[in-house]
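What follows is each chain in one-letter form.
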Amino acid sequence: MDRLRSPTDWLRPYMDRLRPYMGPLRELSTALGIPEQIGTAVFSILYSTGGRLLKVEDGAGKLRRTEERIRALLTDSEQRRFVDHDSVKLWLRELRATAFDVDALLDRLNTISRMATAEQSRKRRRPWPNVELGPRQRWELDGKIININERLDEIYKSRKRYRFQAGDGRRTAQPMQCPSFLEAAAHRDERPIGRTKEKEKIVRALISDSGMDLPVISIWGTAGIGKTALARLVYYDPEVENFFTKKIWVWLPDVCDVRRATKMIIEAVTEQKCEFLSLDILQQRLGEHLRKMRFLLVIDNLWAEGFQFWEFLKPSLIAGEKGSKVLITTQQETVTRMMSNILNINLKGLEVEECWQILKVHAFSGWSSNDHHDLELIGQSIAKNCRGSPLAAKSLGVLLSDTNGQREQWENILSEMQILEDGKNTNIILPSLQISYQHLPYHLKQCFAYCSILPLGVEFEKDELVRLWMADGLVKNNGRKRVEMEASRCFDELLRRSFFEPSHNFHNQKFRVPNLMLELARIVSKHESLTLNPDNSQVVDHPEWIRYATILCPEDGPLAFDKIHHYENLRLLKLCPMMKLPSDQVPSALFLKFTCLRALDLSYTELEVLADSVGCLIHLRYLSLRNTLIKTLPEAVCNLINLQTLDLRNCYWLMNLPEGMSRLVNLRHLCLHIDWDRVTAFRSMPSNIDKLQSLQTLCRFVVVTSDGGKCNFSELKNLRIRGELCILKLEAATNDGAKEANLSGKEYLHKLMLKWSDGACTNEQQLHIEESEKVIETLCPHTNLKHLRIDNYPGRNLPYWVEKLSSLESLEIVSCPRLTQFSVETLRSLTNFTIRQCSDLQVLPRGLCNLEALHCLEIDGAPNLLISAVDILPRNISRLAVSGCDALERWCLQEGAERVQQIPDKRIQFSN
């Protein structure tokens, strides 16, 4: 902190000069008729204030030590689990609010310190804003320190009154021995318990001929009762698997119109992204996709009570073959009456014995001993309090498994459940789930409570939530592991305990918070988290306590940002538009108002321009502009020295990044992913990107010529990037530059795309072709690579290293017109193989028929492909798509017809 003292030189000379004049000034005040005591007091206050301004850093240092004690006390209070005295609850909220304010103040000082250091160590054309503690900044900070100290004094007095002593919580909460996630999973029996009769009824109805155009079966019941679990049992039943040629699963958010539902069904059918188009066009496309297909469509979590929803959705679904059916799950009986026409299952709670069986499976998971008799009576009593909810039974079972069979802890959990049952709970399932929450470690409680920012039904990616936790400081780096690994472990633990559940998203694995769990998250964080919708304008009692705000955006009409102007202490602001939100509804003054923000999510809006004032958000760790119309970012973004995540995924209009990106020394994730089949306007990378030594995610890199004046290939050399990397414009690469990229040293890179520009294959020059072949040979990735795509490659041969990728699971060869043949004989891990627009390909790849792991084969646009063997398809292939390949199409129709008929999912588009 010493390096920050130089900015106080403006004040120290005045303090030194003022000291000799203190006596005469007192005499002057007396001569003016001001009482001596008042005059002395005024000048003493002035002098002491000046002294404090000189020592703002010292005051902050004391607060830093105080903050550590506050955190310890908050952790300790959480261990008590049940605090029912209103005044004590209020005291804890005040303490937590003060902890947030201390954290913001210390973070501001640390940030200014780092900015000042960076300013001294390099010369830049544009200095950091407010890089020194001038008079105004010191005066503001001094006022905040005084205010915080006064609040802490009052809190300390109250603590004595409530006799809240550190360590009490630890004495009331015994630590649990938690088995590892993988160990518990390995010992767990996941066979379905209960619901056998209901399942059989639904399966029989699905595989029977009802004589109707579109039979609909419904499962309805309260939240947490097991509707989705039952639908999943039916979905994966072998008889159902064999009866339908295509199974489709969509999970609809609570607010979902027919246009959005149709779009989601198309994406589930095609396993590709679909743009928001008019309802007529979407209906036409869905009908085309379902034609000549006997499908099962599961619509999970249907809330639409309006008659028009089903009337508009139904015509597209009738296009399927006879025997197609729809299965819905819903909490609304009105939805069931409106849609169901052959079977209606009103799902009730499980019997106590069935709850006990579920609880027992999870409670005794991973134990070495088989003697559980002394615990069974307690466990059965706990199961009785689950009120028939399989979600509660599973969650409590996992909690009990962490006790390692300690009878006292089982008894404590039963006692706590009975206390909650006697309380004022409107939802009969929540008390059992509250037990699972109360027994979480403090850091997991914080991570789960943070999930209250998610709207009901919204799916999210694991990495997305993990990076938000990091931005808020909920997960710390312990020095041995990357903070992402620690946060991932927290996520897996909450998933294990059923606070999260996986979704059926088609593209990437996504998750959601079960409705009852989300209700619980909102209860435990109701004083800090706020969800605003167009109909909610009421200001909470303590707006200064609100730290997290989610705005549910209307489909049309203005978005009233003035509803949140009361909440100046926000750490997170998230927009959740149902459709694209017009850019003029995102005011530039937003960034000047909420200067404490650590996470800002403006995703899925029509934002084209980001205001320069974003550079004032110096606390910001997470900025998401995903799927917006942004074209350029202001240079002011480079002032965000704390930024860890910059999410620019699916920003297809983005042309470049700011030149000063190298200043973002804490940047860990620069997310530039786009759909690999989409054209992008992105031109080049900023220079000196290799200085971002914390960078782990890059996603996209554009090669420029050596004299292009931008970031060149060599800057990839020392970057320890992970996950995905798409390298574009490889026609500008040289063999020497490719060596500098050091792809073979990036062992955590699992997905790679090597792409030449569209016109590269039209260049007939021999020198150009040979240079491309040298470059691709040199770009040898690490053998850990799992997904490889080669696009617009003008060479005649694939590189030697393709066959050495022993871990490769997916291979795509796209628009490589000069390729005539290649081998995949050694790729024993390959499960997905795609060949598209390879016009000169003459034979199928050598060794294809020996790939026993291969399940999906797609070949399109290879008219010269000849068939030289009778049995050319691997034995385990389950999906075959062929089009634009005359000879292969004839083979599928004639010699190979019997073999093709054995494939469950086949899509042969015959040319004639």
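Residues numbered from 1 in each chain as written. Predicted model: local features only at pLDDT ≥ 70, side-chain atom pairs only at ≥ 80, totals over all residues. Heavy atoms only, no water.

On to the overall build of the protein chain. Helix and strand counts for the protein chain stand at 29 helices and 24 strands. Expressed as a percentage of the 912 residues in the protein chain, the buried residues total 53%. For the protein chain, the proportion of contacts with a sequence separation of at least 24, taken over those separated by at least 6, is 65%. Of the roughly 41,600 Å² that the protein chain leaves accessible, carbon and sulfur atoms contribute 49%. (Helix = DSSP H or I, 4+ residues; strand = E, 2+ residues; numbered from the N terminus. Buried < 20%, exposed > 50% of the residue type's maximum accessible area, 1.4 Å probe, protein only. Contact = heavy atoms within 4.5 Å. Areas by Shrake-Rupley, 256 points an atom, 1.4 Å probe, with all protein chains shown as cover.)

The next thing to look at is the packing of aromatic side chains. The way to describe two aromatic rings as a pair is by their centre distance and the angle between their planes. Taken as a whole, this structure holds 17 aromatic pairs when the rule is applied. Where Phe460 meets Phe491, the ring centres are 6.3 Å apart and the plane angle is 80°; that geometry is what we call edge-to-face. Note that Phe460 is positioned in strand β6 (residues 460-461) and Phe491 in helix α23 (residues 483-496), a separation of 31 residues in sequence. Ring centres 5.9 Å apart and planes at 10° place the aromatic pair Phe701 and Phe713 in the stacked group. In this pair, Phe701 is assigned in strand β16 (residues 699-702) and Phe713 in the loop between β16 and β17 (723-728), connecting sequence segments twelve residues apart. Put simply, the rings of Phe460, Trp469, Phe491, Phe500 and Phe511 touch in pairs and so form one group of aromatic residues. Directly above the aromatic system of Tyr652 lies the positively charged group of Arg678, at a separation of 3.8 Å from the ring centroid. (Phe/Tyr/Trp six-rings, centres within 6.5 Å; stacked < 30°, edge-to-face > 60°. Lys NZ or Arg CZ within 6 Å of the ring centre and 35° of its normal.)

So, about the side chain of Gln644. Within the element layout of this structure, Gln644 appears in the loop between β13 (622-624) and β14 (645-647). Taking relative accessible area as the criterion, Gln644 reaches 17% and is therefore assigned buried.

Further remarks concern the packing of helix α13 (residues 279-290) against helix α14 (residues 307-317). Relative orientation of the contacting elements α13 and α14 amounts to 35°, with a least axis distance of 7 Å. Contacts between α13 and α14 pair Leu279, Gln283, Leu286, Gly287 and Leu290 from the former with Phe312, Ser316 and Leu317 from the latter. Looking at the contact of α13 with α14 residue by residue, the class counts come to five nonpolar, three polar and no charged. (Axes fitted to C-alpha atoms, helices over the stretch in contact; angles between N-to-C directions. Nonpolar A, V, L, I, M, F, W, Y, C, P; charged D, E, K, R; others polar.)

A few words now on the sheet that holds strand β10 (residues 548-553). Across the sheet, which stays open at both edges, the seven strands sit in the order β9-β10-β11-β12-β13-β14-β15 with parallel pairing between neighbours. With one partner strand each, in any of the chains shown, β9 (529-532) and β15 (669-671) form the two edges of the open sheet. Neighbouring strand axes in the sheet, compared pairwise and without regard to direction, differ in orientation by 10° on average. Pairing of β9 with β10 involves four bridges; the strand directions are parallel. When the bridges of β10 are listed, Ser529 appears paired with Tyr548. Where helix α22 (residues 462-471) meets the sheet, its contacts fall on β11 (572-577), β12 (599-601), β13, β14 and β15, and the angle it forms with β13 comes to roughly 140°. (Pairing = 2+ DSSP bridges.)

Here we come to the sheet that holds strand β2 (residues 246-251). Spatial strand order, β2-β3-β4-β1-β5: five strands in an open sheet with parallel pairing. Looking along the sheet, the strands with just one partner apiece sit at the ends: β2 and β5 (343-346). Here the strands of the sheet are splayed against their neighbours by 10° on average, with no regard to which way each runs. Alignment of strand β1 (residues 216-220) against strand β4 (residues 325-330), held across five bridges, turns out to be parallel. Bridge pairing in β4 places Ile217 opposite Leu327.

Now for unusual backbone geometry. Residues other than glycine seldom take positive phi values, yet Arg195 does so here, at roughly 70°. Tracing the chain through its elements places Arg195 in the loop between α8 (181-187) and α9 (196-207). In this structure, Arg387 is a non-glycine residue whose phi angle is positive, near 55°.

Leu610, Leu670, Phe713 and Phe833 are the most contacted members of the largest nonpolar core, which has 118 residues in total. When near neighbours in sequence (up to four residues on either side) are disregarded, Leu610 contacts Phe591, Leu602, Leu623, Leu625, Ile630, Leu633, Pro634 and Val637. Within the second largest apolar cluster, 65 residues are counted, among which are Ala383, Ile435, Phe448 and Ala487. (Core = buried A, V, L, I, M, F, W, Y, C linked by side-chain atoms within 4.5 Å.)

Below, the discussion takes up the environment of Glu484. You can see Glu484 is positioned in helix α23. Judged by relative accessible area, Glu484 falls into the buried class, the value being 9%. Separated by 21 residues in the primary sequence, Glu484 and Asp463 place their C-alpha atoms 8.6 Å from one another. Residues in contact with Glu484, not counting those within four places in the same chain, are Val466, Met470, Arg668, His669 and Gln696. Side-chain polar atoms of Glu484 contact the side chain of Arg668, separated by 2.7 Å. (Polar contact = N/O pair within 3.5 Å; in protein donor to acceptor, adjacent residues only side chain to side chain.)

Another point: the state of the cysteines. Evaluation of the coordinates by the stated rule reveals zero disulfides. Of all cysteine sulfurs, the one in Cys355 lies closest to Cys386, which takes part in no disulfide; the gap is 5.2 Å. On the basis of relative accessible area, Cys386 is assigned to the buried category, the value being 0%. (Disulfide = S-S within 2.5 Å.)

The subject of this paragraph is the packing of α9 against helix α10 (residues 227-235). Where α9 meets α10, the axes come as close as 10 Å, and the angle between the chain directions of the two elements is 50°. It follows from the interaxial angle that α9 and α10 lie oblique. Both α9 and α10 take part in a crossing whose hand is right-handed. Contact residues: α9 offers Glu198, Lys199, Ile202, Val203 and Leu206, while α10 offers Leu230, Leu233 and Val234. Of the residues that constitute the contact of α9 with α10, the class distribution is six nonpolar, no polar and two charged. (Parallel < 35°, antiparallel > 145°, perpendicular 65-115°, else oblique. Left-handed = near helix turned anticlockwise from the far one by under 90°.)

Here helix α19 (residues 407-421) is 15 residues long and its end C-alpha atoms lie 21 Å apart, about the 21 Å a rise of 1.5 Å per residue gives. In the core, the buried residues of α19 are packed alongside α16 (352-363), α17 (373-384), α18 (390-401) and α20 (430-438). (Expected span 1.5 Å × (residues − 1).)

A separate point is the pairing of strand β20 (residues 810-814). Here is the key point about a regular strand: its side chains alternate between the two faces of the sheet. Summarising burial for β20: five of the five residues are buried, a large majority. Going residue by residue along β20, you find Ser810, Glu812 and Val814 tucked away on one face and Leu811 and Ile813 tucked away on the opposite face as well. For strand β19 (residues 787-791) and β20, the ladder comprises five bridges, and the chain directions are parallel. Bridging across to β20, Asp791 finds its partner in Val814. Here β20 runs beside strand β21 (residues 832-836); their pairing, made up of five bridges, is parallel. Bridge assignment links Glu812 to a residue of β21, and that residue is Thr834.

On the surface, Glu94, Glu150, Asp153, Glu154 and Glu544 cluster together into a negatively charged patch. Among the elements that make up the negative patch, the one with the highest residue count is helix α6 (residues 135-162) (three residues). Assignment of secondary structure puts Asp153 in helix α6. On the accessibility criterion, Asp153 (48% relative accessible area) is partly exposed. (Patch = residues over 30% accessible without salt bridge, like charges linked within 9 Å, V, L, I, M, F, W, Y side chains within 5 Å. Salt bridge = Lys/Arg side-chain N within 4 Å of Asp/Glu carboxyl O. Lys, Arg positive; Asp, Glu negative; His and termini not counted. Charge placed at Lys NZ, Arg CZ, Asp CG, Glu CD.)

The next point concerns the pattern of salt bridges. Opposite charge on two side chains makes pairing possible when the charged atoms of those side chains draw close. All told, the structure shown has 42 salt bridges when counted by the stated rule. The closest approach of N and O atoms between Arg512 and Glu501, which form a salt bridge, is 3.1 Å. Taken together, the residues span a long stretch of sequence, with Arg512 in strand β8 (residues 510-512) and Glu501 in strand β7 (residues 501-502) at a distance of eleven residues. On the accessibility criterion, Arg512 (1% relative accessible area) is buried. Residue class for Glu501 comes out partly exposed when judged on its relative accessible area of 23%. For the salt bridge of Arg836 with Asp677, the shortest nitrogen-to-oxygen distance reads 2.9 Å. One end of the pair, Arg836, is in strand β21; the other, Asp677, is in the loop between β15 and β16, with 159 residues separating them in the sequence.

Predicted coordinates in areas of low pLDDT are best not read in detail. Considering every residue of the protein chain, the mean pLDDT works out to 82; 80% of them sit at 70 or more. Counting contacts from residues 1-11, a segment whose pLDDT is below 50, to residues more than four positions away or on other chains yields 21 contacts. Note on residues 166-190: pLDDT under 50 across the span, and 50 contacts to partners over four residues away in sequence or across chains. (pLDDT = per-residue confidence, 0-100.)

In terms of residue burial, β11 counts as a mostly covered element, since six of its six residues are buried. Across the two faces of β11 the burial is the same, with Leu572, Lys574 and Cys576 and Leu573, Leu575 and Pro577 all buried. By the bridge criterion, six bridges tie β10 to β11 in an arrangement that is parallel. Bridge assignment links Cys553 to a residue of β11, and that residue is Pro577.

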